[in-house]
Amino acid sequence: MPPTFPASPSSSPSPAPSASPFSASLPSRDSVVAALRGAGCVFAEDEAALILAAARTAAELTALVERRVTGLPLELVLGWAEFRGLRVAVAPGVFVPRRRTEFLVSEALAHAPDADVVVDLCCGSGAVGAALAAALDRPEVHAADVDPAAVRCARGNLADAGGRVYAGDLFDALPDTLRGRVDILAANVPYVPTGEVGLLPAEARDHEPLVALDGGSDGLDVLRRVAAAALGWLAPGGCLLVETSERQAAAAVDAFTRAGLTPRLAVCEDLYAHVVIGVRD
C-alpha cells in the first residue's frame, strides 16, 4: 500500500518527555497545542482541535494527548480517519486509509458510475468499499482481507451499506457467485518493496501490519497476483483498480496487459497518486 505517510495532516512525533505536560486541572487549548508542537506534530493546531473535540473529560483529554505525543498515529488516537467525507473507524493493527486513495475511488466512479457489484480487496478498514457504497445507488458490496483485525474493522464500517466482509487470501476469500459479476474491483494492495519497509515513517512501520505494507522484492508481488486472476471475476466492461507508485507504474501496467486487461494509468499530481485501471473488454 501507499509508501508515503501519514493519512492526515500530521507528522510522526518524537518520543514524549517522561513527565506529563498537564496538571490535574482541565488542560487548556494552548497547552494541548504546545504539547503536540513540542512532540514534533507539524499541524499541532489542527490536531489539537480534533483531540479537544473527541475528549469528554479532562482525564480523557490528557490520555489522548499523551498517546499522540508518544507517537501513536492521530487516527488511532481519535479512533477514526476521514476519507471522502466519511468518518471511517480504525483500530490498532489496522491499515489507516490514505487521502491519496480517494483518487482511486474517484477513478472507479468515473469508469463505472452505475456499478451494481463492488469488491474491495485488501480492504483494510473497508474505507474504499464504504466510499463507493456512499457514492453509488445501493450497490452490492463485498470486501476481503487476510488480516482478522482488518476484517473486524471493515465489518463495522460496511454494516450500514449491507456489505459482506470475508477473511482470506485475495480471491480465495470471495464466494464463487461473484465470478464474472464484479463491476468495480478495487484492490489497494501493499506495494512497498521489502527492503524499503524499514525506511517508512514510524507511524506506519510501528503501528500498521506488515502484510498491509510489504509488497515483496519489487513491491509488485500482490499486484501481479490480483491482476492475473481478475479477468475471471470482472463483469464485461468491469474494471480493476490498483494503486501504485510512480516508479512502479510501467511494470504495473505491463502486469495488467499480460493478464488480458486493457490498462491505463491515471495520475493525480496534487495527491501524488498513481492508479492503474484495467478493463475487461
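Above this text you will find the structure in question.
Keep in mind that what you see is a predicted model, and the values were worked out from it rather than measured.

(A) Structural view of the overall build of the protein. What the protein contains, in helices and strands, is 10 helices and 9 strands. Rg of the C-alpha trace for the protein: 20 Å, near the compact-globule value of 19 Å for 281 residues, within the 12% margin. Principal axes of the C-alpha set define a box for the protein whose edges measure 65 × 40 × 30 Å. Looking at the protein residue by residue over its 281 residues, the buried ones come to 54%. Contacts spanning at least 24 positions in sequence make up 66% of the contacts within the protein whose residues lie at least 6 apart.

(B) Summary view of helix α3 (residues 58–69). Its 12 residues give α3 an end-to-end C-alpha distance of 17 Å, which sits within 8% of 16 Å, the value for a rise of 1.5 Å per residue. If you check which residues of α3 are buried, you get Leu 61, Thr 62, Leu 64, Val 65, Arg 68 and Val 69. The arc enclosing the buried residues of α3, seen along the axis, measures out at 165°, which places them on a common side. Positioned one or two residues after α3, Gly 71 has a phi angle of 110°, which is positive.

(C) Inspection of the pattern of salt bridges at higher detail. Applying the stated rule across the entire model yields 18 salt bridges. A salt bridge links Arg 68 to Glu 203; the shortest N-O distance between them is 2.8 Å. Linking Arg 68 in helix α3 with Glu 203 in helix α8 (residues 202–205), this pair joins segments that are 135 residues apart in sequence. For Arg 68, a relative accessible area of 0% puts it in the buried group. Of the charged contacts, one joins Arg 224 and Asp 218 as a salt bridge, the two residues approaching to 2.5 Å between their closest N and O atoms. Overall, the relative accessible area of 28% leaves Asp 218 in the partly exposed class.

(D) Quick peek at the packing of helix α5 (residues 102–111) against helix α6 (residues 127–135). Where α5 contacts α6, the two axes come as close as 10 Å, and the packing angle between them is 40°. Here α5 is positioned oblique relative to α6, judged by the angle of their axes. For the element pair α5 and α6, the recorded crossing hand is right-handed. Across the interface between the two elements, Leu 104, Val 105, Ala 108 and Leu 109 of α5 pack against Val 128, Ala 131, Leu 132 and Ala 135 of α6. For the contact of α5 with α6, the per-class residue count stands at 8 nonpolar, no polar and no charged.

(E) Local environment of the side chain of Glu 208. Here Glu 208 shows up in the loop between α8 and α9 (221–230). Assessed through its relative accessible area of 10%, Glu 208 is described here as buried. Polar side-chain contacts of Glu 208 include one of 2.8 Å to the side chain of Arg 98.

Rules used throughout
Residues numbered from 1 in each chain as written. Predicted model: local features only at pLDDT ≥ 70, side-chain atom pairs only at ≥ 80, totals over all residues. Heavy atoms only, no water. Helix = DSSP H or I, 4+ residues; strand = E, 2+ residues; numbered from the N terminus. Rg over C-alpha atoms; globule rule 2.2 N^0.38 Å. Buried < 20%, exposed > 50% of the residue type's maximum accessible area, 1.4 Å probe, protein only. Contact = heavy atoms within 4.5 Å. Expected span 1.5 Å × (residues − 1). Arc of directions from axis to C-beta. Salt bridge = Lys/Arg side-chain N within 4 Å of Asp/Glu carboxyl O. Axes fitted to C-alpha atoms, helices over the stretch in contact; angles between N-to-C directions. Parallel < 35°, antiparallel > 145°, perpendicular 65-115°, else oblique. Left-handed = near helix turned anticlockwise from the far one by under 90°. Nonpolar A, V, L, I, M, F, W, Y, C, P; charged D, E, K, R; others polar. Polar contact = N/O pair within 3.5 Å; in protein donor to acceptor, adjacent residues only side chain to side chain.

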